[in-house]
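# Structure assessment
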Amino acid sequence: MEQVRIEVEVVREIVLVSLHVGHLSSRMAQLVHDDVFDRLDQLIDAGMARWIKSRPDHYVIMPQRDVPAIELATEIKKQLRL
């Protein structure tokens, strides 16, 4: 069984989410990436994040000014069920 591993880390004032997809096909890896991005994008709508920058293997999320990065990281873990 192929596994996906996601790590959430606070780095100064941002949150870094790393995505490790192992030996998934490129199509499955893209589906995982899109699903994670959609979940993170909801945090912008909820007023917790200002912006998200993504690459195939990680996401950088900037919290809103009134949201501590550690609180955002906790919410991300909750959203991703980590």
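What counts, and at which threshold
- Residues numbered from 1 in each chain as written.
- Predicted model: local features only at pLDDT ≥ 70, side-chain atom pairs only at ≥ 80, totals over all residues.
- Heavy atoms only, no water.
- Helix = DSSP H or I, 4+ residues; strand = E, 2+ residues; numbered from the N terminus.
- Rg over C-alpha atoms; globule rule 2.2 N^0.38 Å.
- Buried < 20%, exposed > 50% of the residue type's maximum accessible area, 1.4 Å probe, protein only.
- Contact = heavy atoms within 4.5 Å.
- Areas by Shrake-Rupley, 256 points an atom, 1.4 Å probe, with all protein chains shown as cover.
- Lys, Arg positive; Asp, Glu negative; His and termini not counted.
- Charge placed at Lys NZ, Arg CZ, Asp CG, Glu CD.

### Description of the overall build of the protein chain
Counting its regular elements, the protein chain contains two helices and four strands. When the elements of the protein chain are put in sequence order from the N terminus, they spell out β-β-α-β-β-α. Relative to its length of 82 residues, the protein chain is compact, with a C-alpha radius of gyration of 12 Å against a globular reference of 12 Å. With the C-alpha coordinates of the protein chain rotated into their principal frame, the extents come out at 40 × 20 × 20 Å. Looking at the protein chain as a whole, 34% of its 82 residues qualify as buried. Residue pairs at least 24 apart in sequence account for 44% of intrachain contacts in the protein chain once pairs closer than 6 positions are excluded. For the protein chain, the exposed area adds up to about 5600 Å²; of that, 49% sits on carbon and sulfur atoms. Counting 11 positive and 13 negative side-chain charges, the protein chain places the centres of these two groups 3 Å from one another.

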